[in-house]
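# Structure assessment
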Amino acid sequence: MTKITPNEIKIISKYIYDISGIYLDQTKIYLFETRLGPLLEKEGFSSYSELYQKARADPGKKLEIKIIDAISTNETLFFRDTGPFEVLRHKVVPDIIDARSAKFSGLLPTSIRIWSAACSTGQEIYSIAIVLKELLPDMKKYNIKLLGTDISDAAVAQASYGKYNKFEIERGLAKDKLQKYFSLSGNTWKIKDEIRAMASFRKLNLMLPFAALGKFDIVFCRNVAIYFNMEDRKKLFNKIADLLAPDGCLIVGSTETLSGICPRFEPKRHMRSIFYQLKK
Amino acid sequence: MKDLKILFVDDDPVTRKLMEKKLQIEEYETTIAVNGVEAVDFISKYRFDVVLTDLMMPGGVDGIGVLQATKEKSPQTDVVLITAYASIDNAVTAMRQGAFDYLQKPINFDELFLLLDKISNLKKLGKAAGDLREAMDVTECNAAQTIQDLEMSVSELNGKISEISHILSKKNVDAAKRVSIALDIISAT
């Protein structure tokens, strides 16, 4: 395997930061070599400098996309940490529905928009969709829109297909849910159309402006800001605060906090989990 | 003893005898079924790591049937099909249905044992990954509780601080009174 030099690490980590906002620890040489090494080999480059130069010079940004796919962490599973989904089922969604139905006295379908800001290969958004499907038997009464975004093209493509191999599917998903919401074709499990139809996906770099996405009632932004530096975390959660409905809620990763990052949010406890709402 | 529990299925008595002997020499814990029907019965009663089955068998349940029964009962079990050259297309179809691999007749035993080693290594890797994941989950869960408790405390303290600064800045209230209220807020838990 081609070795990466200290100078190349500096150049490449700066480049990756510029294109994705992902802040890589420069001491983790193995991270560069294990993630970018296979790409280097596949493209036939002899050094990391060559990879960098070719990526910079590629107007179609094909190489940039491949680098982001290789470097981004797609660790995800269905119902990762049960807490957030319990919060969603027992607290957040019922509260929003109560507030909205009172406001419109049942004349219009209650609208709920949910965003999974770093949806990876789709497990989070489909877990959310399954919770909603089970919680709201009469879906016609609601206008539910789920949006999943991720910086990795490959991840967004897989999320959109909704296809998982046995290793991906076995993680976190109970057997009854698997049988009910997925169909097996060969070695691949595919999400059923009724769940797939609830969600849409698109590529998005969280470092760039995203106000055009519109307002959301619930935002999941879990385990992505941990790859950003402190300044970028502050900017990210501020932008999320801008597009969250006043009574909406934000769910971050179970080991993340917003203390000292975004004072516009206040933590609320439900059972053993925390979610955030905008300060009144 | 090797760590793989194997079920071998073949309707031909000579092949069965030979395979049983070879697997025993290599110290695999082996169960033998004389046809697909018996294999399905064994699969419903016992757990195997690997099912090694002939593809073409008479009697209603062929290799594909054994594969389907195995995957239904225990998806973790790997199925290897043994096939004659003429039925390779069927073996490829079986791979699409979840078979781990297929071997061509006549069986090359070196190839078979390499394949079994590969399965064994993959299972060990899978277990190691599972153990790591479990350790990570436990650590993450503990860390999450601590962090979330701290987050709630910080939020509560921040609330108190802004209440105190609000009180202290009220110029129209007597200074001693303001300090007294501030101290009350601090001591309230």
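It should be noted that the structure appears before, not after, this text.
These notes cover the structure that comes with them. Predicted model, so just to flag it, every value in this text is computed and none were measured. (Residues numbered from 1 in each chain as written. Chains lettered and ligands numbered in written order. Predicted model: local features only at pLDDT ≥ 70, side-chain atom pairs only at ≥ 80, totals over all residues. Heavy atoms only, no water.)

## Examining the nonpolar core
Residue and element names in this part refer to chain A. Put simply, the test is: Only buried residues count toward a nonpolar core. Its members are Ala, Val, Leu, Ile, Met, Phe, Trp, Tyr and Cys residues joined through side-chain atoms within 4.5 Å. Remark: exposure states derive from per-residue accessible area (1.4 Å probe, protein chains only) relative to the maximum for the residue type, with buried under 20%, exposed over 50%, and partly exposed in between. In this description a helix means any DSSP run of H or I spanning at least four residues, a strand means any run of E spanning at least two, and both kinds are numbered starting from the N terminus. For each domain, the first and last residues come from an automatic or database assignment. We call two residues in contact whenever any of their non-hydrogen atoms come within 4.5 Å of each other.
Counting 51 residues, the largest nonpolar core has Leu51, Trp115, Phe237, Ile240, Leu250 and Phe265 as the members making the most contacts within it. Listing elements by their share of this core, those giving two or more residues are helix 1 (6-20), helix 2 (29-43), helix 3 (48-57), helix 4 (62-71), strand 7 (216-221), helix 11 (230-243), strand 8 (244-252) and strand 10 (273-278). Counting only domains with at least three residues in this core, you end up with domain 1 (6-71) and domain 2 (82-278). Once residues lying within four places of it in the same chain are set aside, the contact partners of leucine 250 are Val219, Cys221, Phe237, Ile240, Leu244, Leu258, Phe265, Phe275 and Tyr276. In terms of nonpolar packing, the next biggest core, distinct from the first, is built from 43 residues, Ile96, Ala129, Val131 and Ile191 among them.

## Here's the deal with the interface of chain B and chain A
Heads up, the rule is: Buried area: the accessible area, evaluated with a 1.4 Å probe, that two parts lose upon being put together, summed over both parts. Each salt bridge in this description consists of a side-chain nitrogen of Lys or Arg and a carboxyl oxygen of Asp or Glu lying within 4 Å of one another. Polar contacts here mean pairs of N or O atoms no more than 3.5 Å apart (in protein, one a potential hydrogen donor and the other a potential acceptor; neighbouring residues in sequence count only if both atoms are side-chain atoms).
With 20 residues of chain B at the contact, the number on the chain A side is 21 residues. Per-residue buried area on chain B facing chain A is highest for Gln148(B), Glu151(B) and Met152(B); these three make up 33% of the total on that side. Inspection of the region where chain B meets chain A yields two salt bridges. Its salt-bridge partner being Arg269(A), residue Asp149(B) comes within 2.9 Å of it at the nearest N-O pair. For the interface between chain B and chain A, the tally reads six residue pairs in polar contact (both at pLDDT 80 or more). When residues of the side of chain B that touches chain A are traced back to their parent elements, those giving at least two are helix 4 (88-96) and helix 5 (109-168) of chain B. In terms of residue count, helix 5 of chain B provides more of the side of chain B that touches chain A than any other element does, 13 residues in total.

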